[in-house]
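Secondary and tertiary structure notes
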Amino acid sequence: MAEGGRILKVATLVFILTVFTKALQFVFYPLVAALFGTSGEFESFVVALSIPTLISTVLLGNFGAAFILIFTEQRMKYGEKSAWDFASSLINIALLGAIGITVVGVLLSPWLIRFLAPGMEFIYRQMGTQFLQILFITVFFFALIMILTAILQSHQFFIIPVGTWLISNLVLIAIILMLK
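Summarised in this report is the structure supplied together with it.

Definitions and limits used
- Residues numbered from 1 in each chain as written.
- Predicted model: local features only at pLDDT ≥ 70, side-chain atom pairs only at ≥ 80, totals over all residues.
- Heavy atoms only, no water.
- Core = buried A, V, L, I, M, F, W, Y, C linked by side-chain atoms within 4.5 Å.
- Buried < 20%, exposed > 50% of the residue type's maximum accessible area, 1.4 Å probe, protein only.
- Helix = DSSP H or I, 4+ residues; strand = E, 2+ residues; numbered from the N terminus.
- Contact = heavy atoms within 4.5 Å.
- Salt bridge = Lys/Arg side-chain N within 4 Å of Asp/Glu carboxyl O.
- Axes fitted to C-alpha atoms, helices over the stretch in contact; angles between N-to-C directions.
- Parallel < 35°, antiparallel > 145°, perpendicular 65-115°, else oblique.
- Left-handed = near helix turned anticlockwise from the far one by under 90°.
- Phe/Tyr/Trp six-rings, centres within 6.5 Å; stacked < 30°, edge-to-face > 60°.

So, on to the nonpolar core. Core analysis: the biggest nonpolar cluster contains 43 residues, and Phe28, Phe45, Phe67, Leu135 and Ile147 have the highest contact counts within it. Breaking this core down by element, the ones donating at least two residues are α1 (2-36), α2 (40-60), α3 (63-78), α4 (80-116), α5 (122-135), α6 (137-154) and α7 (159-179). With sequence-adjacent residues up to four places away left out, Leu135 is seen in contact with Phe45, Ala48, Leu49, Pro52 and Leu172.

Pairing between side chains becomes possible if they bear opposite charge and their charged atoms approach one another. Taken as a whole and assessed by the stated rule, the structure comprises three salt bridges. When the shortest N-O distance is used, the salt bridge between Glu73 and Lys77 registers 3.0 Å. Here the residue Glu73 and the residue Lys77 both occupy positions in helix α3, the gap between them amounting to four residues, near one helical turn. Here Asp85 ties to Lys81 by a salt bridge, and the two come within 3.0 Å at their closest N and O atoms. Placement of both Asp85 and Lys81 in helix α4 is noted, with a separation of four residues, approximately one turn of the helix.

Our next topic: the packing of α6 against α7. At a minimum axis distance of 9 Å, the contact between α6 and α7 shows a crossing angle of 160°. For the element pair α6 / α7, the angle class is roughly antiparallel. The handedness of the crossing between α6 and α7 comes out as right-handed. Residue-level inspection shows Phe142, Ile145, Met146, Thr149, Leu152 and Gln153 of α6 in contact with α7, the latter providing Ile160, Pro161, Thr164, Trp165 and Ser168.

How two aromatic rings sit relative to each other is set out by the distance from centre to centre and by the angle between their planes. Scanning the entire structure with this criterion turns up five aromatic pairs. Judged by centre distance (5.5 Å) and plane angle (80°), the rings of Phe45 and Phe131 are edge-to-face. One end of the pair, Phe45, is in helix α2; the other, Phe131, is in helix α5, with 86 residues separating them in the sequence. Considering the side-chain rings of Phe67 and Phe71, the 5.3 Å spacing of their centres and the 15° angle between planes classify their relative orientation as stacked. Of this pair, Phe67 and Phe71 are both found in helix α3, four residues apart, which corresponds to roughly one turn of the helix.

Here it is in structure tokens:
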């Protein structure tokens, strides 16, 4: 029964942290609208934010589940060192890939904004490009968070990963406040 009680406490804490993290997302767009207005500035920011978010979600959306399975199997069959060697290689590849995507994204920002918001006024396209160049770094950090989350979850640590999402939302809100 002690194990069941521990699981219930962890599940409850994970639930509370997840709800708080999602609640921060309800604060996010009203905060952006309050800082930038709901005109071209707001549209510039929303378009700019959607690009790295989409890229991160598409490229890394199911990374965690696959990583946990492979990492755990590697650990069980070949030992801890082999699993960490695998993880190290994968982390290096994923982070180098994220850096590459970030660099390419920053360079292509003007064309990405023009493609996604073709009718946007020039001044707001410029603003969106600058926002996107700043926000593209989130691809790297999203990759890092996904990798660390998968490693922690493979070791049955669930609270810390939820906390990383909470922290990432707080960092994003801080970045928005600094942009203004």
